[in-house]
Each structure stands twice: as structure tokens, then as C-alpha cells.
Amino acid sequence: MSATATTCPYCGVGCGVLARVDATGGVSVAGDPRHPSNAGRLCVKGAALGETVDLRGRLLHPLLREPGAVPHRASWDEALDRVALGLRRIIDEHGPDAVAFYVSGQLLTEDYYVVNKLAKGYLGTANIDTNSRLCMSSAVAGHLRAFGEDLVPGCYDDLEQADLLVLVGSNTAWCHPIVFQRMAQAREARPALRLVVIDPRRTPTAESADLHLPIRPGTDVWLFNGLLAFLSRHGSMDAAYVGAHANGCAEALAAAESDAGDPAEVARLCGVQLPDLLTFYQWFARHERTVSLFSQGVNQSSSGTDKVNSIINCHLLTGRIGRPGMGPFSITGQPNAMGGREVGGLANTLAAHMELANPAHRGIVQSFWQSPRLAERPGLKAVALFEAIELGTVKAVWIMATNPVVSLPDADRVKRALARCELVVSSDILARTDTNAFAHVLLPALGWGEKDGTVTNSERRISRQRAFLPAPGEARADWHIVCEVARRMGYAQGFNFADAHEIFDEHVRLTAFRNHDAPADGPVAAPRMLDLGGLAGLERAGYDALSPVQWPIGADREGTARLFADARYAHADGRARFIATVARAPAHAPDREYPLILNSGRVRDQWHTMTRTGKSPRLAGHTPEPFVDMHPRDALLCGVREGELARVRSRWGAIVARVQHGGGILAGNVFVPIHWNDQFASDARVGSVVNPAVDPLSGEPEFKHTPVRVEPFAVRWHGFALSRQPLAAADLTYWTSIQGEQFLRYEVAGHPRLDDRGAWARGWLGATHADADWLEYEDRSAGVYRAAHVVENRIEACVFLSSRPELPARTWLSGLFAQERLEEADRVGLLVGEPSGPGTDAGPMVCSCFGVGRRTICDAIRTQGFDHPAQITASLRAGGNCGSCVPELRQLIAEVRAATAI
């Protein structure tokens, strides 16, 4: 059974994966030891990829939806004609800017290239934006201002060679586990390597830090302006470097001194202790080899671009850039966010890192494409795009590989917009998503394991995604679908690609086209550093065998690990730019009506809107339902309790989630995960709550700072059910659903009184036959009801109800579904509500890689006296794969030791 070398489809780390298909069609995966980004390691999401490639829920044929009707199957010719004719009609009647495309960092570079070419070069509109706008566009804007081009200077090796690592707005342990593991191993090898984590929450990443600065949300610019002023005052400025290679230093220093010249005032504004602040400043001044890694906590802000530049300013001032172990490092959220940026996937950019606002760049691209026209002005960025759809100025939108009804801010507005849009086209792998419910045309696309092309990770490394599964049903590659529509619109000459290799070659040649020589029609800016020219003319066999390589790529095809080693930047004069960043508060301040600040983000084992990870039982156990994490004091003031349901409400929308006290949240703040949506929960799309304010330069939304209030969500009863078959949950007051091993798990609650719980339970679980093997127990005085439906001595479903949220453990019940038959003790346990034997319940999941529960770990700590995570790993394997649960292991050790001491 040979393995196919491919690339993980999750975060921007870009891990290499070896995929194998067995004789039954089952898929197994392992880390690729030859891939430089991960050297064989995979996080739990990557390790579970084999559980997500089945065809459950797949969109396998084109579907058309007429007004007021359910979608019906259509041929590809019918569907493609509907798209092409619809776009042509709207363009002819209203102009090219009446159509738009909303694409995704899940697309391969070749897909991105083709749709960008169609929109900007042939239809003549720049109304093509990507969900990367929601995560990385502030970094893009900051790079452009500082460096002259969207450039990440360093590489992952720098994280291991640094003496100081500063993580800003990044829960790396959960969101980029393999990068975090590389840092952790470097710290073990060199204990002097310091780790500073800057994050309002005490995340699992912060648990591992030498210094955690829990700054107030939105105060990053004050913090880094203060650092800039401190470095200047204390002699850490590299005057020779700044004088020779950068402009604007005096202005940036003046702004920093004005805003943040007094460390005591900075500490007060940021809400941190002055000694901790000064420790951070002193460590930064002392350690030349410093890497500042930043992510969504910086970017997702109405001042995100200024935050990025305030960090870059500190590296420019000290000359700490372009050399091993130092530099600012933007770590991307999606597998191909950078590849999309390379080919102009954003509404304000052109292919090959050229700028839409630059006439010379427009001339280069149109000359290369030989296109009939080229968009002349930037298009609408994501939030503005859907506002324009609601207003009716954009009348057609083609959505590819993304779920904006869930992921965009003010998401109920997105619903309204799509409901009013004349033509909504969706290319997707799943038939049912929150967004696809509004599509007039559904086009089946290829998914991971089926499609073929390239992606670029956070360190500029291009890797191949290779197909190892056949195309299911009638699904097609995204680039192929776009080319077919282009041909039907009369643009066959520009879209006659035979395969992904031909598209890649055109993309490569465009990056080198007129890049080093002034064109005949006038001068352009300095050569672009995105230059893949060394791969031009690569034959199909070479493309198929392409090894991971970092751009720029010269004639030797060896790639480039770091940029700016020669201190030459991409601005026309070759010099970097300091940016005078003036600190400002977030767009919306809390008030008496909405006194708390909502922060949103990822959890460890899920990804985006769960369309892939939601299929995996292994990934469901750690965080089984949406939650609102809040400080106990705030919960008391809001009248809610841990474990109960609460409504989180803003001026834009509301959700329902379960209250938890994670212990890492500042008073006045709450945190809600981004993943849940209408396919998995009754009312949990946090995007509907998030405010639509955006950064004025990048257009990136302020996902980390929305004023909200939290209020009780009253229900009469709580419960959960496990069932081999899907259950109807739409009529329940509250529900969530996750995939288990051979069952679905539902967490439920209701407001209507259940006068006959037995009848209701039988009806819901489908056990209505009089001869059904039905086990039940009820204590009306305690408000407790338990029942199980058994078929041929094998559990089919069970339900547990209570007037209180405290309910039996789910883990041991889950194990019953793996049994071929129930033992008598199991039947007793179902009625009693707990396992009959000791050690049966492992407790809530901690290590998803190896399926190790909290109770198992705590028992081992207690009985064996473990005081270090490595001991737990040696005994139980927990923490021995991706390492993302190691901070939780440390926390459990502390909890058990504290309880034992009492």
C-alpha cells in the first residue's frame, strides 16, 4: 500500500501528510518525515483526516433551485449555462461591478489564479474577495506599508534559533500545534530561550510562557509604541541600520513617545503590572535574536494594520530582521491564505503581488494575460461586499469553498443579503451548509484527497496537494468549473487549460514577467520579491514530483529561507518604512446596556465551520458544544451559573451557549468559539453577534472586541441523547449535535413542560412499536428520567433528562455503542445513570490523539505521583503526539496536587 505525499488542508503551518488508501477504500494518514515544515509530526486534526473523507453529506451532482422550491438535480451543462447566462445578463444590464466572487483560503493556488483572472481580466471587476480578508489582511496591509510588498521575512527555523519568542494574539498551542511543538522542543533543548505570550486570555499557550501579559483587548499599539520608545531611550536602536535602510523613524518615534512614552501609563492603559511590562521591554532589548509571532489577535481589529506595523517598527529600529532567529512573523490561519495572496485573491490586489491601484502593474498583467479588459479600481472587501449585495448594487455572487453566513461578522445581514440576491452560486463539497441554503446553483467541487495543485504556507513554502482518491459522483475541480463558465461567456482563449500544471506554469511565468527589467511603456517599482521564475517551464513530471520550496525561487530551484538578508526592501528606493502608529480604542466601547467584551476564536480540535472536522468522532470529544467562557464575578452579576445555558446578546444578534469558567478570562470579557452553526446547533453562530466594524486600510473585521451582555436562558429541563440514527431536533428549545463513534450525540434543553416524558422520549427516539425493548426509569420528585431503546440486545439510542443541568457522564455511555451486545450490568447502569464497575468512565476527553480522558489522567497523577507531563506521556501516551494537550496536563497536575494537599 503505497503512500501519496500531500499537504494538510487545515492551518497555515502547511504540514506534509502521507496518505494511504486500503483495499476497502479506507484512508489512513501519517506525518511526512521529509517535509521541512513538520518533519513527520501531525496535530490531532491532521491525524484525524482519514475520518473526514467519506461521502456523508457530499454534494455529488449539480443542483438548481427555483424560487420557492427545493433544489433539483441538473446536468453540468444546465448548471454551467445558468451561471454563465446569469452573469452575462447582469453584466450587460448593470455593468461588471454588479457581479462578485467570494472565495477561500481552502482553494488551491491554481483555483485562485483562474477565478481571479476571470473576474479582473475578463469580466473587468475587482469584486473578488476571500475569507482570508477575515484573518490575514491586516498583516498584508502592514507588510505592504513597511516592506513595499506582502512579505513574511523569516521561516520556522527562526523559531528554534531565537533567544526570545514573543507570541502576540496567538494561541499557538491550539491553533498551530506543530509550530508550538517545535518551539517547545527548542525550549527543552535550550532552557535559556524565553517565551512571552501577549494575550487577554490565559490560554494553553500562555500556560507555557515564562511571562504572560494579559493586556486589555485593543491595547496592542500602546504596548508596542511603548516598547519602541523604551528601546530608543535605552540605547537599543541600531542607528546604522536605520540610517542606511529605513525611512520614517523620527515620525514613528515621535508618535510612540506621544502615546506611550511613560511605561507606567502604558501599564495602566494595557491593564498589566508595571514590573511585568518592564520585564518584557528589558528582555526584548537584551535579546538580539527575537522573533515576534503574531496572528488573529493582532489582525482581527479595527486598528489591526497599525498593530502589525507597531510590531514591525520595533524590529526595524533594532535591525532584527533578515537574519537567523529574528524578525516579525505573521502566521497564517488557512492552508493557502498566502497562495491566494500571491495570485491576487484580495479585492485590492492583482496577481503576482502587483497592485490594482498601480497603472504600470495593471499594464503588465493585462499584457501578459492578453485580456480584453482589466479592472481599474479596487473592488469591494468582504464586509462591504455583502453590504452591497443587501443594498442590491451587487446582484450576483459566486461563493467558493467558504461559509459566509457563519463566518462573517453581522452574519444575519449576510443572510438577508443572500436572500435578496438575484443569483447566488455556490461551489462546495457539501450539500447542506448555512450558506448553501440560499444558493440558486450548487456546483459539486472536489475536496481534499481528490484535488490536485499547490498551496503556500506561512513561511512562503510552496507544497503540493496531490489526489489519492477518485472524484466522487460528478464533482469537478474548482479551476475546471471556472474555465467552463469562462468558455461559455466567450473567453475560451484565456481558459483553455488542460490541467492544474498548466495553470501553475502560467502563474509562475507571470511572477517573473517584466519583473527585473523596466517595461517598454515606462518604469515600474523595484523588482517584486515574489518571483517563481526558476520554476518556469517545469514539465508535468517535474510538477508532479515538486518538493516543498520557499520563494523567491531562482534558476537553481533551491528556494530562499529568509528575505531582507541584504537589507533591501521592495519599495522603489529599496528602503523599509517605519509607520507612525497612533493608538486608538476599538470601534465600539462597552456601556451599561452591553457591559462585556466578546472575544471569538478557535478551539483545539475543530476547524472553521466544522464542515470537515464535524465528521470526526475523535475531534468531537474535547469540546462537545458551544460555550461562553466568562469570569465568575461577571457570571454572578449577569445572573448565570456555570454549566447552565445563557444568551449572549449584542446590538447585532444573539446566540445561546453553555456557561463555563475556564479560569483564563479577565473580568469584563467573555470568549465564544467560532465553529458552531445551524447544522450543528440551534442558535450558536457567533458571527451573528460580532460587530461589522473593520480596519480602514485592510478591511479586516473586529472579531475580538464586540460589546455584549449575557443573560439567563430559561428552560424547564435539560438532557442529552445518543442515537445511531439522526434525531429531529429543530423543534427543541436548545440543541447541539456532534458525531460519535457509531452514534450521534445531542445535548438538548426545553422550555415546554413534558407531561409524559416516556411518550415524548419514545417518539423522539423512534421506539414507538409496542414490542420495542424499552428500558426506562423516572423519579418525578427529582425531575429525572432515563430511557434506552435496545434492538436485539444492542443499544440503539438512549436519552437522559433532568430538571437540572447536572446529568450523567457521557463517556461511558458512548462506549456502549461499540459493544455488539449489552451485558446485564450495562442495562442496570443505563437505569442507574452511572457505570456499574470502576474504571469504566474515562471522563471528558483531554488527549484526542490517543483518546485519554480526564479521569484516567487524574487517577494516574494521584496514584503514581506524577509531577511532570512527560511522566503522563510515558505512562498513558497523552501529550505524546501533537502536544496541544500538554498545557492541560500541567493544569491537571496542579489541580490534583492542590486537592491532595488539602
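Preceding this section is the structure that the text describes.
These notes cover the structure that comes with them. (Residues numbered from 1 in each chain as written. Predicted model: local features only at pLDDT ≥ 70, side-chain atom pairs only at ≥ 80, totals over all residues. Heavy atoms only, no water.)

As a further point, take the overall build of the protein chain. Regarding its fold elements, the protein chain presents 31 helices and 36 strands. The C-alpha atoms of the protein chain give a radius of gyration of 27 Å, which matches the 29 Å a tight globule of 902 residues would have. Taken along the three principal axes of its C-alpha coordinates, the protein chain extends 85 × 70 × 60 Å. Once local pairs closer than 6 in sequence are excluded, the contacts in the protein chain between residues at least 24 apart make up 72%. Once the 92 positive and 100 negative side-chain charges of the protein chain are each reduced to a mean point, those two points are 2 Å apart. (Helix = DSSP H or I, 4+ residues; strand = E, 2+ residues; numbered from the N terminus. Rg over C-alpha atoms; globule rule 2.2 N^0.38 Å. Contact = heavy atoms within 4.5 Å. Lys, Arg positive; Asp, Glu negative; His and termini not counted. Charge placed at Lys NZ, Arg CZ, Asp CG, Glu CD.)

Glancing now at the sheet that holds strand β3 (residues 27-31). If you walk across this open sheet you meet the three strands as β1-β2-β3, and the pairing is antiparallel. Looking at strand neighbours, the two that pair on one side only are β1 (4-7) and β3, the edges of this open sheet. Each neighbouring strand pair of the sheet contributes to a mean axis angle of 35°, computed without reference to strand direction. Examined bridge by bridge, strand β2 (residues 16-21) and β3 share five bridges and lie antiparallel to one another. Its bridge partner lying in β3, R20 is registered against S28. (Pairing = 2+ DSSP bridges. Axes fitted to C-alpha atoms, helices over the stretch in contact; angles between N-to-C directions.)

This paragraph deals with the sheet that holds strand β29 (residues 717-723). An order of β30-β31-β29-β34-β33-β32 is seen for the six strands of this open sheet, with the pairing classed as antiparallel. Each edge of the open sheet is held by one strand with a lone partner, namely β30 (734-740) and β32 (773-779). Pairwise comparison of adjacent strand axes, ignoring direction, gives a mean angle of 10° for this sheet. Here β32 runs beside strand β33 (residues 784-791); their pairing, made up of seven bridges, is antiparallel. Each bridged residue has a counterpart across the sheet, and for D773 the counterpart in β33 is V790. Running at roughly 35° to β32, helix α28 (residues 824-832) makes contact with β32, β33 and β34 (794-802) of the sheet.

Attention shifts here to unusual backbone geometry. With omega at 5°, the peptide bond leading from W551 into P552 counts as cis. Relative to the helices and strands, P552 is located in the loop between β21 (549-550) and β22 (576-577). We note that R557 has phi near 60°; this positive angle belongs to a residue other than glycine. Considering the arrangement of structural elements, one finds R557 in the loop between β21 and β22. The exposure class of R557 is partly exposed, given its relative accessible area of 38%. A positive phi angle, near 50°, is found at E792, a position not held by glycine. Summarising the element assignment, E792 is placed in the loop between β33 and β34. (Buried < 20%, exposed > 50% of the residue type's maximum accessible area, 1.4 Å probe, protein only.)

For G663, the location among the structural elements is in the loop between β26 (654-660) and β27 (669-673). Along the chain, G663 and R201 lie 462 residues apart, while their C-alpha atoms are 9.0 Å from each other.

On to the environment of R65, then. Mapped onto the elements of the fold, R65 is located in the loop between β4 (63-64) and β5 (72-73). Taking the C-alpha atoms as reference points, R65 and V441, separated by 376 residues in sequence, lie 6.4 Å from one another. Apart from the residues lying within four places of it in its own chain, the contact partners of R65 are P71, R82, N436, A437, F438, A439 and H440.

It is worth spelling out the pattern of salt bridges at this point. On inspection of all chains with the given rule, the structure shows 60 salt bridges. The salt bridge involving R88 is made with D92; its shortest N-O contact spans 3.8 Å. Of this pair, R88 and D92 are both found in helix α2 (residues 76-94), four residues apart, which corresponds to roughly one turn of the helix. Between E257 and R233 there is a salt bridge, with its nearest N and O atoms 2.7 Å apart. Of this pair, E257 sits in helix α11 (residues 249-260) while R233 sits in helix α9 (residues 220-233), and the two are 24 residues apart along the sequence. (Salt bridge = Lys/Arg side-chain N within 4 Å of Asp/Glu carboxyl O.)

Now for the pairing of β26. Burial runs high along β26: six of the seven residues are buried. The pairing of strand β24 (residues 627-630) with β26 spans three bridges and is classified as parallel. Across the sheet, D629 pairs through a bridge with Q660, a residue of β26. Linking two consecutive strands that pair antiparallel, namely strand β25 (residues 645-649) and β26, is a turn of four residues.

Residues separated by three or four positions in an α-helix point in the same direction, a consequence of the helix having 3.6 residues per turn. An ideal rise of 1.5 Å per residue puts 27 Å on 19 residues; α2 measures up with 27 Å between its terminal C-alpha atoms. For α2, every residue scored as buried is listed here: W76, A79, L80, V83, A84, G86, L87, I90 and I91. When α2 is viewed along its axis, its buried side chains cluster within an angular range of 160° and face the same direction. The outward face of α2, more than 90 degrees from its buried face, is lined by the exposed residues L85, D92 and E93. A positive backbone phi angle near 95° is found at G95, which sits one or two residues after α2. (Expected span 1.5 Å × (residues − 1). Arc of directions from axis to C-beta.)

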